[in-house]
Amino acid sequence: MSSIKLKTKQNLVGWTFVLPASLLICVFYFYPIGRAIYLSLQTGIGINMQFVGLMNYKRLFVDKLFKTSLTNVLTYLTFQVPLMLILALILAYILNDKNLKLRGFFRVALFLPCATSLVSYSLIFRSMFALDGFVNTVLIKLNLLNNPINWLGNPLTAKIVIVLALTWRWTGYNMIFYLAGLQNIDPSIFEAAVIDGANSITRFFKITLPMLKPIILLTAIISTNGTLQLFDETVNITSGGPANATVSISQYIYRLSFQYSPQFPYAAAMSVFVFLLVAVLALVQMRVGDQR
Amino acid sequence: MIRRRSLKFMKYLFLTVAALISVFPLYWMFVSATNTSMDVLGGKLLPGKNLITNFKMLSARANVAQAMWNSLRNSIVATVSSLIIGSIAGYGFEIYHDRGKDLLMSFLLLSMMIPFAAIMIPLFMMIGKLNLLNTTTAFVLPTLSTAFIIFLFRQSARFFQQEIIEAARIDGLSELGIFVRMYIPVMRSTYATAGIITFMAAWNNYLWPLIILQSPKSQTMPLVLSKLVAGYVTDYGLLMLAVSLSVLPIIVIFLILQKNFAEGVVASVK
């Protein structure tokens, strides 16, 4: 009897330990997303709100700037994420070799960009790629260019700079995931493969890649999620320009809510769209990952 | 044999180039902080003598000391409070786990799927209603409790032995006493890892403070940095000094606590 009482008491203690944190998550994550969905079905300002159904969502389809921002983000996603993940995989594969000299040094150097904040590194890239900036100066001094390239003033090169910047910041981050994954692979598998005469490239494709698949999937989901929410970089490297050629969805939502005359309901509809996009893409990636 | 040697050479070459590209922008930032804007634009790559002048000019343009203090205070409050709340919850979810709590945990993990952009408008409206604009409280609230930190502590509590708990109970220690006196000291490395993640996220946070910290006195480093390039002709020496100041604390923490740093990154894989 007393042991049952004790169990109940412990159970109660357990709930008091977990409840504060759980309630906070409900208040600051689940309630706001519910609120955003509710808001997205309305129109108006302040207390003058009207229920309008899916009107805000219909407006998304005819909004040119929304289309531009969506296309921009999907462009970054298509080019940047594979480039970065492949680079990270190769680096991790090379670094996993225990006989490699200066291994610790290389690991620290490659991971160092992760210590810089998003605003800070954005401003470094903005300065380096400015019209009169470091990159142009060096290219002209080396006689590779006659006239400076307006990197951030041209739609294509501005996008390239953003992709380069993102790759610089996040490759080491993903590499650490792969290194951790590689350490979990039993070395005897590699040894057996060496005895069977598999060279290092064959080993990479036949052993490393298949065994890292779950982690590659995870990093792909994290990166997709991050890219869809891109904000700090496009604001601080290009301010979304030239002529909105690099603007991201989060940046457009921010403008709609806090820079133009506030249109919370429409901005909320757009943010719910991002939420759905993140969820759907994560599901697709998990499905694709489960096959084979 | 020659092929193997050239493959080895290629490996080192690739690594060296990658490492150089990784480190160079940071080197450039620090060096540029000591040079005049003209020198920076001229491509100077060696330290100069303009550090003090840059510092004076920066102080005239922005209240950097205030911004550094705001960043530091906000980040410390965010880190300490979220470690307390998150660790006790993670411990509770593991040690007293039953069907109900397991289900609740899975539900909480769903919150990690919610993009910040999707909730920032309702959050902003809440903060406005509570009259908390421009406060540390507003800065801290949305990240006070995150599923990721709870998850991290739940995983580590898995390695906390049940025998220790039983022994402590027989010795008459209360349930909270067991958590404080037995669990916390053993889990120092988890606290370090979680602390680094939270501190960095808070120190670097941009979008949320951009919305809620509107008064100049309350602004944090990222906000001040971002403003330095707006409008005026950019002074690159001054700008890079400001960026260096904001990056330096994190790099120092990174170099000291490298192991926990990497652990923090991969914590979600295990």
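The text that follows walks through the structure, step by step, so that each part is easy to find. Note on numbering: residues in each chain are counted from 1, in written sequence order. All chains are assigned letters beginning with A, and all ligands numbers beginning with 1, in the order in which they are written. Local features in this predicted model are restricted to residues of pLDDT 70 or higher, and side-chain atom pairs are both shown and tallied only at a pLDDT of 80 or more, whereas totals for entire chains, interfaces and linings draw on every residue. For side-chain calculations, the full set of non-hydrogen atoms in the structure is used, while hydrogens and water are omitted.

### Quick word on the overall build of chain A
The line we're drawing: Secondary structure counts use DSSP, requiring at least four H or I residues in a row for a helix and at least two E residues in a row for a strand, with both numbered from the N terminus. For the radius of gyration, the atoms used are the C-alpha atoms, and the globule rule reads 2.2 Å times the number of residues raised to 0.38. Under the scheme applied here, a residue whose accessible area is under 20% of the maximum for its type counts as buried, over 50% as exposed, and between as partly exposed, the area being computed with a 1.4 Å probe on protein chains only. Contacts: residue pairs with any heavy atoms within 4.5 Å of one another.
Summing up its helical and strand segments, chain A has twelve helices and two strands in all. In sequence order, chain A lays out its α and β elements as α-β-β-α-α-α-α-α-α-α-α-α-α-α. Radius of gyration (C-alpha) of chain A: 24 Å, far over the 19 Å computed for a compact globule of 292 residues. Considered along the principal axes of its C-alpha atoms, chain A spans approximately 85 × 75 × 35 Å. Per-residue burial over chain A gives 53% buried out of 292 residues. Across chain A, contacts joining residues at least 24 apart in sequence account for 66% of those joining residues at least 6 apart.

### Here we look at the pattern of salt bridges
Residues and elements named next belong to chain B. Using the following cut-off: When a carboxyl oxygen of Asp or Glu is within 4 Å of a side-chain nitrogen of Lys or Arg, the pair counts as a salt bridge.
Under the defined criterion, the tally for this structure stands at four salt bridges over all chains. K101 is the partner of D98 in a salt bridge, and the nearest nitrogen-oxygen pair spans 3.3 Å. What makes D98 partly exposed here is its relative accessible area of 25%.

### Regarding the packing of aromatic side chains
When we look at a pair of aromatic rings, we describe it by the centre distance and by the angle of the planes. The following threshold applies: In summary, the pairing rule links any two rings of Phe, Tyr or Trp, Trp by its six-membered ring, whose centres are within 6.5 Å, and it sorts them by plane angle into stacked for under 30 degrees, edge-to-face for over 60 and tilted for everything else.
Counting across every chain of the model gives 33 aromatic pairs over all chains. Ring geometry for A:F17 versus B:Y91: centroids 6.1 Å apart, planes at 45°, classification tilted. Taken as a pair, A:F17 in helix α1 (residues 2-40) and B:Y91 in helix α4 (residues 64-95) lie in two separate chains rather than in one. Since its relative accessible area comes to 6%, A:F17 is described here as buried. Ring centres of A:F231 and B:Y206 lie 5.9 Å apart, and the angle between their planes is 40°; on these two criteria the pair is classed as tilted. Taken as a pair, A:F231 in the loop between α9 (200-228) and α10 (232-238) and B:Y206 in the loop between α11 (188-204) and α12 (207-212) lie in two separate chains rather than in one. Looking at A:F231, the relative accessible area reads 3%, which means it is buried. Using a relative accessible area of 3% as the deciding quantity, one classes B:Y206 as buried. Each member of the aromatic cluster is reached from another via a ring pair, and the members are A:F17, B:Y91, B:Y96, B:F160, B:F179 and B:Y183.

### Some words on the pairing of strand β1 (residues 42-45) of chain A
All names here are of chain A. Put simply, the rule is: For two strands to be treated as a pair, DSSP must find no fewer than two bridges joining them.
By the bridge criterion, four bridges tie β1 to strand β2 (residues 48-51) in an arrangement that is antiparallel. Of the residues in β2, the one forming a bridge with T43 is Q50. In this structure, the hairpin formed by β1 and β2 is closed by a connection of two residues, where G46 is found at a positive phi of approximately 65°.

### Some remarks on the interface of chain A and chain B
Under the convention used in this document: Summed over both partners, the accessible area lost on bringing two parts together, with a 1.4 Å probe, is the buried area.
Chain A puts 84 residues into the contact, and the matching count from chain B is 88 residues. Buried surface at the junction of chain A and chain B, both sides included, amounts to about 7,700 Å², of which 79% is carbon and sulfur. The largest contributions to the chain A side of the interface with chain B come from A:F17, A:F28 and A:Y29, which together make up 10% of the buried area. Inspection of the chain A/chain B interface yields zero salt bridges.

### Some remarks on helix α11 (residues 249-259) of chain A
α11(A) sits mainly inside the fold: nine of its eleven residues count as buried. The complete set of buried residues in α11(A) reads A:I249, A:S250, A:Q251, A:Y252, A:I253, A:Y254, A:R255, A:L256 and A:S257.

Purely spatial values, then, with no claim about function.
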